[in-house]
Structures are given as structure tokens and as C-alpha cells.
Amino acid sequence: MNFAAWVQNHRRSILFLLALLVVGGVASFTQLPESLFPQVQFPRVRVSLNAGARPAQEMMLQVTRPVERAVRAVPGVHSVRSTTSRGSTDISINFAWGHDMLNALLQVESAVNQIKPDLPPGTRFTAKRMYPANYSGVIAYSLTSHKLSQVKLHDLAQYQMVPFLSSVKGVAKVTVQGGEKAEYQVTVKPDQLQALGLSIRDVAKALSASNVLNAVGKVQDHYKLYLTVSDTRFKSINQIRHTVLKSGSDGEVQLEDVASVKLGTAPEYQRMTADGQRAVLLNVYQQPGASVLQMSKDLKARLKQFQSQMPKGVQLHQWRNLGVLVKASRSGVVDAIVIGVILAALVLLLFLRSWKITLVAVIAVPAVLAATMLVLYALGMSLNMMTLGGMAAAVGLIIDDVIVMVEQVVRRVQETGEHGIQRVLASAREFTQPQVGSSTSTIIIFLPLAFLSGITGAFFKELSLTMAVSLFISFLVAWLVVPLLADFMLGPKDVGREKIGRIGRRVYRGYSRLMVRLMRRPAWLLVGLVPLVAVAYIAFGQVGSGFLPHLDEGNFILDYRSAPGTSLDETNRLLEQVATILKKNPYVDTWSRRTGAQLSGRLAEPNTGDFFVRLKSSRPSTEAVMAQVRKKVNARIPGLDVEFAQPIEDEIGDLTAVPQPIDIRLFGNDVAKLRQVANHVAQAIGSVHGVVGIQNGVVIAGDSLDVHVNRVKAAIEGLSPQSITQQLQTDIGGKLTTQVRKGVKFVGVRVWGPQSLRDRTGAISKLLLRAPDGHLVPLSRVATVKIVSGQPELTRYNLKSDVAVTARISGRSLGNTIADIKQVLNKPGLIPKNVYYQLGGTYKTQQKAFRGLIEVFVAAVALVFFLLLFLYERFRIALAILVQPLLAAGAVFIGLWLTGVELNITAMMGMTMVIGIVTEIAIFYFSELRLIDQNMPLAWSLIRAGRNRMRPIVMSALAFMLALLPLALGLGQGSSMQQPLAIAIITGLLVQIPLVLIVMPVLYRLLSGRAERRTAAPANG
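Model, not experiment: these values are computed from the prediction.

1. Quick notes on unusual backbone geometry
Here is step 1 of the chain: Even without a glycine there, the phi angle at His222 is positive, about 55°.
Here is step 2 of the chain: Relative to the helices and strands, His222 resides in the loop between strand 8 (213-221) and strand 9 (224-231).
Here is step 3 of the chain: Since its relative accessible area comes to 65%, His222 is described here as exposed.
Here is step 4 of the chain: Unusually for a residue other than glycine, Glu873 sits at a positive phi of about 55°.
Here is step 5 of the chain: Tracing the backbone through its elements, the reader meets Glu873 in the loop between helix 29 (841-872) and helix 30 (875-899).
Here is step 6 of the chain: When its relative accessible area of 63% is taken as the criterion, Glu873 is described as exposed.

2. Structural notes on the packing of helix 28 (residues 814-825) against helix 29
Here is step 1 of the chain: In contact at an axis separation of 11 Å, helix 28 and helix 29 are set at 115° when each is read in the N-to-C sense. Between helix 28 and helix 29, the angle is such that the two are roughly perpendicular. When the axes of helix 28 and helix 29 are compared, the crossing they make is left-handed. Between helix 28 and helix 29, the contacting residues are Leu814, Ile818 and Lys822 on the first element and Thr842, Tyr843 and Gln846 on the second.

3. A look at the nonpolar core
Soluble globular proteins: nonpolar side chains tend toward being buried together.
Here is step 1 of the chain: Grouped together as the largest cluster of nonpolar side chains are 205 residues, with contacts concentrated most on Leu36, Leu143, Leu299, Phe446, Phe459, Met913 and Phe926.
Here is step 2 of the chain: Counting residues per element, this core draws most heavily on helix 13 (residues 385-416), at 19 residues.
Here is step 3 of the chain: Beyond its immediate chain neighbours, meaning those up to four positions away, Leu143 contacts Leu153, Leu156, Ala157, Met161, Arg278, Ala279, Val280, Leu282, Met310, Val314, Gln315 and Leu316.

4. A closer look at the sheet that holds strand 13 (residues 271-274)
Here is step 1 of the chain: As summarised here, the arrangement of the six strands in space is 14-13-18-19-17-20, forming an open sheet in which the pairing is antiparallel. Lying at the two open borders of the sheet, with one neighbouring strand each, are strand 14 (277-278) and strand 20 (641-645).
Here is step 2 of the chain: In the packing of helix 19 (residues 568-584) onto the sheet, the strands contacted are strand 13, strand 17 (555-561), strand 18 (588-595) and strand 19 (608-615), and the crossing angle to strand 18 comes to about 170°.

5. Here's the deal with the pattern of salt bridges
Side-chain pairs of opposite charge can arise whenever the charged atoms involved come near each other.
Here is step 1 of the chain: Across all of its chains, the model carries 17 salt bridges by this definition.
Here is step 2 of the chain: The salt bridge involving Glu34 is made with Arg330; its shortest N-O contact spans 2.2 Å. Of this pair, Glu34 sits in the loop between helix 2 (11-31) and strand 1 (44-50) while Arg330 sits in helix 11 (residues 322-352); the two residues are 296 residues apart in sequence, bridging distant segments of the chain.
Here is step 3 of the chain: The partner of Arg808 in a salt bridge is Glu643, with the nearest N and O atoms 3.6 Å apart. Placement of the pair is Arg808 in strand 30 (residues 800-809) and Glu643 in strand 20, with a sequence separation of 165 residues. With respect to burial, Arg808 and Glu643 carry one shared label: buried.

6. Quick notes on the side chain of Ser927
Here is step 1 of the chain: Mapped onto the elements, Ser927 comes out in helix 31 (residues 905-931).
Here is step 2 of the chain: Classification of Ser927 as buried rests on a relative accessible area of 12%.
Here is step 3 of the chain: Among residues more than four places away in sequence, those in contact with Ser927 are Phe431 and Pro434.

Rules behind the numbers
Residues numbered from 1 in each chain as written. Predicted model: local features only at pLDDT ≥ 70, side-chain atom pairs only at ≥ 80, totals over all residues. Heavy atoms only, no water. Helix = DSSP H or I, 4+ residues; strand = E, 2+ residues; numbered from the N terminus. Buried < 20%, exposed > 50% of the residue type's maximum accessible area, 1.4 Å probe, protein only. Axes fitted to C-alpha atoms, helices over the stretch in contact; angles between N-to-C directions. Parallel < 35°, antiparallel > 145°, perpendicular 65-115°, else oblique. Left-handed = near helix turned anticlockwise from the far one by under 90°. Contact = heavy atoms within 4.5 Å. Core = buried A, V, L, I, M, F, W, Y, C linked by side-chain atoms within 4.5 Å. Pairing = 2+ DSSP bridges. Salt bridge = Lys/Arg side-chain N within 4 Å of Asp/Glu carboxyl O.

As C-alpha cells, this is what we get:
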């Protein structure tokens, strides 16, 4: 049974299978989870250690170094980076992409636990993997009120809203930031304590001993078993006040005799606001693989149910919703696909002048895309900017497959005048080999991407897989389904030979005359090729380079830092000025602020934090608004260092441990000298155009009061350094002695000294210490108290001390900016001989990504050349074809230069795809050449093949370009991610028309040798 008979016998089952795939695809579309980017497992583990308030240098020697050495020995570790400050250390351990990060996390925890006995007593650590789902919330709310206290707002969020929202499908966790926590505060009166011979430690012990709930045993009686419980818990503040501290023949001493007891709030060194008002912030985290759009809808419905429980006077406001960006991006890409299909259909209608044949193509495109969605669902993938972008970019290739098959069928039917399924299927069978070859040439270029690592591979593997699946399904539809639909659509009127219009005759005549001249004098090709190569070379030098395309998110983050040691109140005063600037900006919709904390939930110094600013939909670009706010903040609040970034860009930077585009790491043995050099480097790069938000890498902690105990004097008084430290801790910071249950929460009981002794540095030395024999000793007798200037953080990279100078870029490409920075760094005298530097940050990631994509490009060229040899087994045909996509790929630089788009990883993906696309067109040309009478002169056959393939080549190129035009114009919020790819492909398509129709035939004739160089003028018109 031949091909035509088999298809004819199974035509109903083939069409039913297609319909089944379409229905399944439509159903899958509603089930596919939706997110902004693919779920990526970043190869990074972060270990946070806390060992109390010890100096940074001691922390580095006693904690950081041992832990660094321990985790460096974990198999698969690529690099270790640490930041050490007073009492805390953050260590980032980076692994290779694709590493088993769950196993890596367990190995890191095991390595730290093994050396934990050697660390200072009381050292605690946490280790966690870094991936988007546990980094920051995707949806966030604020609670504000002019009536309820911050304590009640915090309790409302923590004990009512968190459990209520956590039950929503797709929610991983809900965290609370801000508010205040209630606690009972016992402030002792030193004079009364001294008169009664008591100490603050006696008060703490008595409170702890009076608040007990313990099981004391079990009693069996009358066939029952009773659990005996001793319950002496505090039930009210009065019971706390009447706690007995001392009793004897003279009576008893109660707590209220020597201290004041009140319900207050725990000391807080954080502050959260929303739109300038004190607020409690709720951050909702997404489960990996969950749909953020569905989660957003479910949360909205859930909060509507909660409104009846919401206290009066409380306002709930949403200040972040990643679902809005996901929905806008999805709508933008879907709109681009629809507009592209409509434009491509108009091209078909213009060339073929048949709405029936145009309808075949219009039916095929959504059918292929629907079947692709079904495959994505089966593979457990999501609808994100990469998969949607892959489908949008594949639309042109799908249309191209349909066009060449439809044109082949229509032309053969018109040439023979036969109409029927046999003639249609015979035309399709005739085109099977070139169809297989052309489809393979575009699919094969995606194979090397499977070996691409880094964030580039993580993101673009989904795009390439989506496109490969779409193209494979497109081939099957074009090969099996399109002929059947064409047979159904074609009627007797469509069988007549198409008449060539006057414009068509002129084009064919002009093409024939041009080719005759070029066949006789091939050197004239240089007139077109030399300018093309020259302009491409110039464009290569002029095009700026970047990493990821800029996505306008409609939000931005403002990171800030006031002077080291600035109090929370003073920092808040400065930030209120920032809030005023935001409030007056007409494009700002809402914002939230964290002081002493970060958007990711990490704690920070009270002089640092961030704003999350959401913009209105009607506005200039986010970059433009950021520039406006940056200019005003720098002018009006010089004491505040600020950095601006869009959230996704900032998040990816933090997750990959390269948060800044510019990262100049200085290495040397003298840390003090490194800091001096870093300051000079920061000043030097400030002159480079486009560099903003420069940080010299020297982060100073706040000043501290250093209490140095004289061991000899302390021993004379009967005191030890440990007992002195414990008493000071209780007097100044307070001691949480016990907890009182109050409803669903526990309220702590804090014992400390009078505020007058805690709020003034001069009063610390007058604190009275109680010796074991009961006598009181002023602190100044056994210790010296002095103010010590803030110590800088200590940073290390791969076990070596370094200082990193960082900055961001505004209004300029990454590549051009780094080139100027290199010139500055290479100036004599800026960096001493015993100091060297390395460039990291986004630039390092970009260079690694570019090297990987260049390898992919070379591998794609090699695979295409192998395919051509396999198809034709002739080197001259393979070389003649391969030159064309290489020239077209070079011309991509011209398109990027003219449109002002950077050369980034998306553009390089487009260049790689151009190799396959142009090769596909060239294969169809040689398939036509094979069908021409082999007894004719070669030159005549080449020109004849060009005339026959001219219409489908031009038609498919125009349809392809128009299908990508919405993406190239950046229509819609999500299109900007694929804009460089679309521009690269459109440029390649523009130049491939003359390359395939003119350059390739002449080059092939030159490569074919003198024996075949016979020229015969083709028939005119």
C-alpha cells in the first residue's frame, strides 16, 4: 500500500486524532499552571550563623573560617562566599547547575553539624536552598488602622489571617512582618532592691519559679487513671505583681514592692509602613508548580469570606501581586500570536487569492499550538514567558510549513489540471523528503541547548523544548492533515492554471536577466555581499551587549542605607521624606516599606531596608520613573544611600548570588589597604556614564559600647566576668524569665533595669552589680566602658579576603559600560601591584552565558552541515547552502543596531534559529532543482528553480515576518522578553530572500566546476 492509499484509507482517523489533540490542548490550557518564569532550582545554599554579639573579627576567626573550610569540602561545591558582621555570618555555597540541591543541602547541614562542637557555645545556624518559591512572596497585603494598636494588628495577622490564608491551594506559607508583640515588663527599682538585700536575678528566679505547669505523676483510683498536674500559672497582671520574692518573720516582699509591672511591647528595631502609615505586612509564598493566577483568584475569594471577621477600622490593601504581571505578560504574548496569525493570513490571501486555502493555514496554526499545550501538560511544564514565547516564535515556522505544502499542492494541481485526492496526495508525497529535511534543520538546532548550563540553560530549555515540540507537530500536520484539508477545500474553480499578473511577469523577467548576468560574471555578487559584510561588521562593533532583556514590570525596589549607627527613629525621619517624594509622584500607585528587614524576609540593621513601589498602569517606563525618584532622593536626602532595581531582576540576582550588574572584587592580604583601594575605585568608576548606585563595599556597623572587665578587680569583689556579663544583660537588654498564656498566644515577662540607666551611655558605668556575698559593686569599679566606632563587615570569596565595589547601570548597555570601567581600572596607579581584581556580577554571568551560546551556535552549524551532507551527499551543495545562513546570521547585528536593541542571550537564540530557518528555505530550493529536467544546462535549471520557488519563499518569509512583528514591536507587557529574538529572526528572513534566490545559485554553480558551467538563457516572462 503506497502513501496516498494509506492516507486516503485513514483520513477520518487522522482528522479525528487531530480534533482529539486540539480538544485535549484546549482542556490542558485551563489546567496548566501559570507563572512568570520556569521553575528553576538555583544551585545555591545559604547558611546563616549567629553566635551572639561578638566583634566581626572574632566572629570571622572563630566561626566563619571553620565553617567555610567545612562546607568547601562538600562534593560539588564551586565557590564559597561569606559576609561576617557582629555576631552573625552569611555564607553562600554555590554548586554546578543541575546538581542535586536537596542532597547538597543535607551534606552542607551535616558538614556544619560536625564542627559545631568546636564553635563558640550557643552558636545557632540555619541552612536553606535558594529558589524563587522560598525567597519572597508573590502576593502581599498590608493591614493598617487608626484605631487598633500595632499589637492587635499583629495578632490579627498572625493568629487569624495566616491560618485562614494558608489553606488556599498553592500557598506554601504566609509570613508576617511588622507590628508589635505584647509583653509584661517588670522594671525594678534599684534602691528598694538594695534596701531589701535583693538583686535583679532574684526577681527573675522568683517569677520563673512562680509560673509553672508540670505533670507530677499519675494516680489510679476507682478503676480510673488520673494525670496529676501542678498548675501555678499566672492568670493576670495582678498575680505577677503579687509574686513573693522573699518571706520571713518580718513578713514577705512582693514584686510590686520593688518593681513596676505593666503590659507593654517587646523592644523592636524594625518598622513597617504602607503608603506612609504604620502597617503589618503579610507575604504569601507560592508552592513550586502552583499557578499564581489561580492562587490570586482563590486568595481574593478567601479574603472576601474573611471580611465579616475583620475588625472595624482595619484596612486591608494589596501592594504586590505577581499574578498581575503574569496575566499582563500572558495576554501580551497571546495578543501577539493572534495579531501575527491574522497578518500572516492576509499575506496568504494576497498571494494565493483564495480564502479557502488561507483558511487551511489559519486552522492549522491553533491546532498545532493546542496540541503543543497538551504535550506541555504531559511533561509537567507551566505556561510562562518562555513557553508562551516559544509558541509565539514558532507561529512563523508553523505557517511556513503550511505555506510550502499548500503552495506545492496548489501548484501541482494547477499544472496538471487534475483535481482529486490522488493528485493532492501525490503532490504531498513528492514533497515528503524536502519537508522532512527542512523540518529537521530547524528542530536539530535545539539539540545543543540540552547541554547549556547556567541560568541561560534553565530558562531557554523550556523555550527550545516548546518550539521543538511545536515544529514536530507542525511537520505532522503539514504532511498528513494539510493535504486532506486542501482536498476538501479545493474546488473545480481552483484547478485552473493561475494567471501571472503584469507585476509578476516583470519580477520574473527582471530576476531572469539579473541571474543570467551573474552566472556569466559571478564577481558582480561582491557588489552586494561586500557592503552587507561591511555593515554587519560595523554593526557588531556598535551594538551594545546585555544579559537578559529588560522587562518592564511596573514595580521597583528602592534599597536604602543611612549612616552607620543611625537610630531607628532618625532613619524613619529620613524615610518619611522619601515617602513624601513617592506620594507626590503622579505615576506611583502604592508602596510598602521595611526598615530593619528586607523584602525576602531577612533581618537587617535598623539603618537599612527597602521600599516596594507599585506603579500605575498609565505611566512612562519603569526605568524612567526610577530615574525621576532617584534624582529627587539624591538631591533632597544626601544622607541616604539608595539603589533601584526591578523586583524580578533583583530576585534573580540575589538567587544567583550576583545581585549587582557591576561587581569589582578586589583581593589582597591587607584588608585595610583593600578598603582604601575600594574607595578609590568607587570614586573612579563614578565618572563612567550610566553607572549609578555605587557602593564601595565597606559596610560599617553601628557604634558599640565596649565593656572591658578587669579580671583582678572583679575577683577581689568576688565576681567573675561571666556573672558580670549576665547581670549586665538583664539590666540593659532585659531577660525573658517566663511566659504567660493569653488566649492563643503566649506573652513574655521581661525583667530589666530602669529606663534611665538603659537609655544613656554615661549611666551604664554606674550600674550596680551584686556580688555573691550580697554587697553591691558599681560597674566602673571592675570594668571600663568606652564607645567603639563601628566595625566594617568582613567579606571573603573562596576562603580569601576581598572587598567588592558594586554598582548598577541606568540608560546604557552592560557591555559598553563594562568596557569603559575596564579602561578606568587599567589606569596606572589606581590598583597597586599587590592587589588584583576580578569582574563578577551580571557581567560575569553574561560572559559565561555568551560562551555557552557560542558553543551552541557552532554545534548547530555543525549539525546542520551534517544534515545537508546526509540529505545530498555532496559537499558543494552543503557548502553552498551553509554560507547563506551564516551570512544571514551576521546580518542580525544590523537589525539589532538599527532598532537599538542589545545583543543579549535572547538575541543570540534568534541568531541560532536563523541558521535553521534559512537552511530550511534553501532545502526547498534544491528540492525544486531536483525536479527540473536534469538534461538541461545547470545555469538554466538554477534560474528555473529560483523562478518556481520565488513566490513560496517570498510568501513564507513575509508571513513569518508579520507573524513575529508584534513581538518585534514589543506589543504587550510580555513581548519585550522575546523582542530581541523576533528582531534577529526578522532580519535573517529579510536577507535570506536575496541570499537563497540569488547568491546561493551562483555560488553553487561556481562550486560545481567548469564542466557544468554552461549558460542557456531561460525563457522570458
